[in-house]
Amino acid sequence: MSLPLITEMRVRALIIPLAQPLKTASGTVQAAPMLLLDVQTDAGVCGHAYIFTYTPLVLGAVKQLATDLNLLLEGQPLDPLGLTNSLRSRFMLIGTYGLLDMVLAGIDMAVWDAHAKFLQLPLVRALGGSVGSGTAADGIPAYASFGMDGMADAVKHVAAAVERGFKAIKIKIGYPTLQEDIAVVRAAIKATEGAARLMVDYNQSLDVAEAMVRCPALDDEGLLWIEEPTRYDDNCGHAQIAAAIKTPLQLGENLWGPRQVAESLRMKASDYMMPDLMKIGGVSGWMQTVGLCAANNVRVSNHFFQEISVHLLRVTPTVHYIEYFQMADPILVDPLQVRNGNAIVRDSPGNGIQWKEEAVERYTL
């Protein structure tokens, strides 16, 4: 079977309002600046993906990068691994960490979607897995993800998530004092009424010395994990924290590619791993990374990009949780479904992303 050829990549920049701003101890995301990538082929299949730039300030630069890279895609075979390796080899001298890596990962995601559609398979099956029975019992355990919203809103959000059937919930902390952190955590745990476990995320807001005070103080609260207490690239600091606490440490969302994950694992900087598709290298980077994690017996969850991540977690040997955060839902025809706290993988070709074009047009810059 001859491979289809890529004819073009359509690039669109848009900003999607968030129903509630995502507050963290390191800053607030008011809206979701996103780049949509549509990779068209001469076989009539089109692959879809998006990347999230956190701030509108770099959205224009990312769009220009993607537009320029389109010149390297035209006429190339629909060969996800081969194309990803070829593109990355073009930038060996300058390196790819940062905005370029984000765009390359987005292209990889869109090409894998087109590839799976050409095979007329869901992405998970194109990767050698299965969708399962399609029931909640056969889904990926999901946790509801919230910001640093103060005690009253934390309690409200947690109670609503429990009502929806979530068995795990994450809130962000990093308040001015440890006493405030503990008070919010205890209020949130009480709001679960014993029906769900709680995770917390510091969003890199502490220095190591402060983290060595706050994280051990949370050890007796029964948390599922403590996430990114200090700078993502401080492996030594995180290893020190991880060794000092009983609660598992969770890192990974800001690590660039499998090599940085391998170094984090080597340094024992984290008990769990949480790759972000846009930073880990798309589908191709994810598959390399979870192999490393499996070899080290480290459980894997995702960060954002839930529509594609649900497929990838089905082929992740040490699967843990999927993060549920409805960032892209306003522009999707059929957003990810969660039933009784489990995310469902659909048995339709590709990664499941289909744009709601009237909404895309409304939010396009």
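Since this is a predicted model, take the numbers as computed values, not measurements. The residue numbering used here restarts from 1 in each chain and proceeds along that chain's sequence as written. It should be noted that, the model being predicted, local features are given only for residues of pLDDT at least 70 and side-chain atom pairs only at 80 or more, the latter also being counted only at that level, while totals for whole chains, interfaces and linings use all residues. Side-chain calculation: all heavy atoms of the structure are included, whereas hydrogens and water are not.

Caption draft 1: Structural detail: the nonpolar core. For our purposes a nonpolar core is just a set of buried Ala, Val, Leu, Ile, Met, Phe, Trp, Tyr and Cys residues, chained together by side-chain atoms within 4.5 Å. Per-residue accessibility, obtained with a 1.4 Å probe over protein chains only, is compared with the maximum for each type, and a residue is labelled buried under 20%, exposed over 50%, and partly exposed between these values. If you look at the biggest cluster of nonpolar residues, it comprises 112 residues, and the most contacted ones within it are Met 34, Tyr 50, Ile 107, Ile 226 and Ile 331. For helices the rule is a DSSP run of H or I covering at least 4 residues; for strands it is a run of E covering at least 2, with both sets numbered from the N terminus onward. Sort the elements by how many residues they give to this core and helix 3 (residues 99-118) lands first, with 12 residues. Residues within four places of Ile 331 in sequence aside, it is in contact with Leu 14, Ile 16, Met 34, Leu 36, Gln 354, Trp 355, Lys 356, Ala 359, Val 360 and Tyr 363. Formed by eight residues, the second largest nonpolar core is a distinct cluster that contains Tyr 143, Ala 168, Met 199 and Tyr 321. Residue contacts are counted whenever heavy atoms from the two residues lie within 4.5 Å of one another.

Caption draft 2: Layout of the UniProt feature "domain: Mandelate racemase/muconate lactonizing enzyme C-terminal" (unreviewed entry) in the protein. Per the UniProt record, "domain: Mandelate racemase/muconate lactonizing enzyme C-terminal" (unreviewed entry) is found at residues 152-248. Within residues 152-248, the helical portion is 48% and the strand portion 12%, while the C-alpha atoms at the span's ends are 26 Å from each other. UniProt positions are given in the numbering used here, feature names are shortened, and annotations may be inferred rather than shown by experiment.

Caption draft 3: Summary view of the pattern of salt bridges. Any carboxyl oxygen of Asp or Glu that lies within 4 Å of a side-chain nitrogen of Lys or Arg is treated as forming a salt bridge with it. Scanning the model with the defined rule gives 16 salt bridges in all. The residue Lys 170 makes a salt bridge to Glu 323 at a minimum N-O spacing of 3.4 Å. Note that Lys 170 is positioned in strand 5 (residues 168-172) and Glu 323 in strand 10 (residues 322-324), a separation of 153 residues in sequence. Accessibility expressed as a relative area gives 0% for Lys 170, which makes it buried. Note that Asp 334 is salt-bridged to Arg 346, the shortest N-O span being 3.0 Å. Taken as a pair, Asp 334 in the loop between strand 10 and strand 11 (338-339) and Arg 346 in the loop between strand 12 (342-343) and helix 13 (357-363) lie far apart in primary sequence, 12 residues in all. Judged by its relative accessible area of 35%, Asp 334 falls in the partly exposed class. Salt bridges linked by common partners bring Lys 170, Lys 172, Asp 201, Glu 227 and Glu 323 together as one network.

Caption draft 4: The pairing of strand 5, seen in detail. In terms of burial, strand 5 is largely enclosed, as five of its five residues are buried. Side chains Ala 168, Lys 170 and Lys 172 of strand 5 all project onto a buried face; the interleaved residues Ile 169 and Ile 171 project onto the opposite face, where all are buried too. Any two strands with at least two DSSP bridges between them are considered paired. With two bridges joining them, strand 4 (residues 140-145) and strand 5 adopt parallel strand pairing. Along strand 5, the bridge assignment pairs Ser 145 with Lys 170.

Caption draft 5: View of the pairing of strand 2 (residues 27-41). In this sheet, strand 2 lies alongside strand 1 (residues 6-24) in antiparallel orientation, the contact comprising 14 bridges. Residue pairing for strand 2: Arg 10 is matched across the bridge by Asp 38. Linking strand 1 to strand 2, which pair antiparallel, is a turn of two residues. Pairing of strand 2 with strand 3 (residues 46-52) involves seven bridges; the strand directions are antiparallel. Directly across from Val 39, in strand 3, lies its bridge partner Gly 47. The hairpin formed by strand 2 and strand 3 contains four residues between the paired strands, and Gly 44 there has a positive phi angle of roughly 90°.

Caption draft 6: Quick look at the sheet that holds strand 1. Taken together, three strands build an open sheet; the order of strands is 1-2-3 and the sheet is antiparallel. Each of the sheet's edge strands pairs with one partner strand only, and the pair in question is strand 1 and strand 3. If you compare each strand with its neighbour and ignore which way they point, the axes differ by 20° on average. Convention adopted: a line fitted to C-alpha atoms gives each axis, helices being fitted over their contacting stretch, and angles between N-to-C directions are expressed from 0 to 180 degrees. Helix-sheet contacts for helix 1 (residues 59-73) involve strand 1, strand 2 and strand 3, and the interaxial angle to strand 1 is about 160°.

Caption draft 7: Up close: the side chain of His 157. Looking at the element boundaries, His 157 is found in helix 5 (residues 150-163). Contacts of His 157, omitting those with residues within four sequence positions, involve Gln 20, Phe 146 and Asp 149.

Caption draft 8: How the structure looks around the packing of helix 6 (residues 178-192) against helix 7 (residues 208-217). Running from N to C, helix 6 and helix 7 point in directions that differ by 30°, and their axes come no closer than 10 Å. Taken together, the axes of helix 6 and helix 7 lie roughly parallel to each other. Seen from above, helix 6 lies across helix 7 with right-handed handedness. From helix 6, Leu 178, Asp 181 and Ile 182 reach across to helix 7, where they touch Val 213, Arg 214 and Ala 217. Under the grouping applied here, Gly and all other residues not named as nonpolar or charged are polar, the nonpolar ones being Ala, Val, Leu, Ile, Met, Phe, Trp, Tyr, Cys and Pro and the charged ones Asp, Glu, Lys and Arg. Residues belonging to the contact of helix 6 with helix 7 are distributed by class as follows: four nonpolar, no polar and two charged. If an angle is under 35 degrees, it is roughly parallel; if it is over 145, roughly antiparallel; if it lies from 65 to 115, roughly perpendicular; otherwise it is oblique. Throughout, a crossing is termed right-handed when the near helix is turned clockwise from the far one, and left-handed when it is turned anticlockwise from it by less than a right angle.

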